[in-house]
Amino acid sequence: MKHFSLIAALDSDNGVGRDQTLPWKLRADMAFFRDITMNGICRGEKCFASTDTRSEIQRAELLYLSPHARPEAGSRGASPLEQGNPDSSSAAGAAFHGGQKAKPRDQGKNAVIMGRKTWESLPKKHRPLVDRHNVVLSRTETSFAGAESCTDIETALSLPTVIAAPEVFIIGGGAVFAEAIKHPLCRRVILTRIDARFGCDVFFPVISDRFACTGTSDWQVEEGKTATLRFRFELWEC
Ligand SMILES: NC(=O)c1ccc[n+]([C@@H]2O[C@H](COP(=O)([O-])OP(=O)(O)OC[C@H]3O[C@@H](n4cnc5c(N)ncnc54)[C@H](OP(=O)(O)O)[C@@H]3O)[C@@H](O)[C@H]2O)c1
């Protein structure tokens, strides 16, 4: 089985969702999610979990938020988790990885594993998430068009497509995060912290002291149509 990362966006109460959807719209986070899950957080021997973590994340944040790389909302083909401009996100992602080019697609797709409710929260036209192997966890259903299904995390991590994937990400929601964060193969937690409260009804679990925060970006601000949101990226590792 492969080790894996969790990737999530949290509000100030550690909330991740409300009414089976994301209660915020943060373009930088959507582009970040898309880029990290598509292109991975490692490039060859270089990984942003290196001693240079902080500067790597800061560089990413500068590109994500600079006028030239700022992702635009509502681009077609992106899910609600990731409605950034694909071109912008890949440009920013190259810098996130220390200026190295994203790996060519033929080197293998990363895998994203999610709970059945998260899958259902994605509009049909946006699922499966493109350019990634999608795996849906469910104990009650087996048919998810364009995705593999599994009845438990262990089986999902043992799928040939998951084993062959360069990187594996568990992308939610709350029920799956709660179980996955306790798994010994969970090595990284990649967070977007949003400095606001949204009255969420699903929450991220407590991050145990098995993990240490090895990198944070500075707080950044994004002006949306209805709200201005302050946020930062964090990397936790064990
Ligand atoms: N902020 C973020 O980063 C983020 C990311 C993703 C989702 N979300 C939000 O999170 C919310 C959904 O989270 P949720 O906790 O309600 O649901 P969820 O974790 O997405 O899905 C729960 C379902 O997944 C299946 N499942 C969970 N653990 C399993 C396991 N170990 N083995 C097999 N199946 C398993 C079960 O499906 P069956 O009932 O079919 O057995 C369970 O009912 C939504 O609001 C969504 O928008 C937020």
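Draft legend 1. The arrangement of the overall build of the protein chain in detail. Check the secondary structure of the protein chain and you find 7 helices and 13 strands. Classification of the 238 residues of the protein chain by burial places 43% in the buried group. Of the contacts formed within the protein chain by residues at least 6 apart in sequence, a portion of 73% connects residues at least 24 apart.

Draft legend 2. Region of the structure containing the site of the ligand. Around the ligand, 29 residues are found, and the nearest of them are Gly17, Gly115, Gly172, Gly173 and Gly174. For the shell around the ligand, the secondary-structure elements that each account for two or more residues are β1 (4-10), β2 (15-17), β5 (110-115), α4 (116-121) and α7 (174-180). Within the shell around the ligand, the residues separate by chemical class into 11 nonpolar, 12 polar and 6 charged.

Draft legend 3. Representation of the nonpolar core within the structure. Formed by 51 residues in total, the largest nonpolar core has its most connected members in Leu6 and Ile113. If you tally residues by element for this core, the top one is helix α1 (residues 27-39), at 6 residues.

Draft legend 4. The arrangement of the environment of Ile153 in detail. Examined against the element boundaries, Ile153 turns out to sit in helix α5 (residues 153-158). Each C-alpha atom of the pair Ile153 and Ile113 lies 8.6 Å from the other, and the pair is 40 residues apart in sequence. Setting aside residues no more than four positions away along its own chain, Ile153 makes contact with Leu137, Glu179, Ala180 and His183.

Draft legend 5. Spotlight on the confidence of the model for the protein chain. Mean pLDDT over the protein chain works out to 81, with 72% of the residues at or above the 70 mark. Considering only residues more than four positions removed or in separate chains, one finds that residues 61-77, a stretch of pLDDT under 50, has 39 contacts. The low-confidence segment residues 83-102, where pLDDT is below 50, has 62 contacts with residues more than four positions distant or belonging to other chains.

Draft legend 6. Spatial organisation of the pairing of strand β13 (residues 228-237). Relative to β13, strand β9 (residues 186-194) is paired through 7 bridges, and the arrangement is antiparallel. Bridging across to β13, Ile194 finds its partner in Phe231. Counting the residues in the hairpin turn of strand β12 (residues 220-223) and β13 gives 4 residues.

Draft legend 7. Broad picture of unusual backbone geometry. In this model, Arg127 is joined to Pro128 through a cis peptide bond whose omega is 0°. Structurally, the position occupied by Pro128 is in the loop between α4 and β6 (132-137). Going from Gly172 to Gly173, the amide bond is cis rather than trans, its omega being 0°. We note that Gln20 has phi near 65°; this positive angle belongs to a residue other than glycine. Inspection of the secondary structure puts Gln20 in the loop between β2 and α1. C-beta crowding within 10 Å serves as the criterion here: with 12 such atoms nearby, Gln20 is assigned to the exposed category. The phi torsion at Asp131 lies on the positive side, around 60°, for a residue other than glycine. Note on placement: Asp131 falls in the loop between α4 and β6. A tally of 13 C-beta atoms within 10 Å means that Asp131 is categorised as partly exposed.

Draft legend 8. Local environment of α1. With 13 residues, α1 ought to run about 18 Å at 1.5 Å a step, and its terminal C-alpha atoms sit 18 Å apart, in line with that. Among the 13 residues of α1, 13 are classified as buried, and the element is accordingly described as predominantly covered. Looking one or two places after α1, you find Gly40, whose phi comes out positive at around 85°.

Draft legend 9. Quick look at the environment of Ala8. By the element assignment, Ala8 lies in strand β1. Residue class for Ala8 comes out buried when judged on the 23 C-beta atoms lying within 10 Å of it. Ala8 sits 165 residues away from Gly173 along the chain, and the two C-alpha atoms are 8.5 Å apart.

Draft legend 10. Broad picture of the environment of Thr140. Looking at the secondary structure, you find Thr140 in the loop between β6 and β7 (148-150). For Thr140, a count of 6 C-beta atoms within 10 Å translates into the label exposed. Taking C-alpha positions, Thr140 is 9.9 Å from Cys150, a pair spaced 10 residues apart along the chain.

Definitions and cut-offs
Along each chain, residue indices are assigned from 1 in the same order as the chain's sequence is written. Confidence filtering applies because this is a predicted model: local features only for residues at pLDDT of at least 70, side-chain atom pairs given and counted only at 80 or more, and all residues used for totals across whole chains, interfaces and linings. In this text, helices come from DSSP runs of H or I with a minimum length of four residues, and strands from runs of E with a minimum of two, each type numbered from the N-terminal end. Partly exposed residues are those falling between the two cut-offs: more than 12 but fewer than 20 other C-beta atoms within 10 Å of their own, whereas 20 or more means buried and 12 or fewer means exposed, with C-beta atoms placed from the backbone. Note on contacts: residues are paired as contacts if their backbone-placed C-beta atoms lie within 7 Å. Residues are classed as near a molecule or strand if the C-beta position derived from their backbone is within 6 Å of it. Three classes are used, and their members are as follows: Ala, Val, Leu, Ile, Met, Phe, Trp, Tyr, Cys and Pro are nonpolar, Asp, Glu, Lys and Arg are charged, and the others, Gly among them, are polar. Any set of buried Ala, Val, Leu, Ile, Met, Phe, Trp, Tyr and Cys residues joined through C-beta atoms within 7 Å is what this text calls a nonpolar core. Values of pLDDT, which run from 0 to 100, indicate the predictor's confidence residue by residue. Here, a strand pair is defined by DSSP locating no fewer than two bridges between the strands. Expected span of a helix, by definition, is 1.5 Å for each gap between consecutive residues, and there is one gap fewer than residues.

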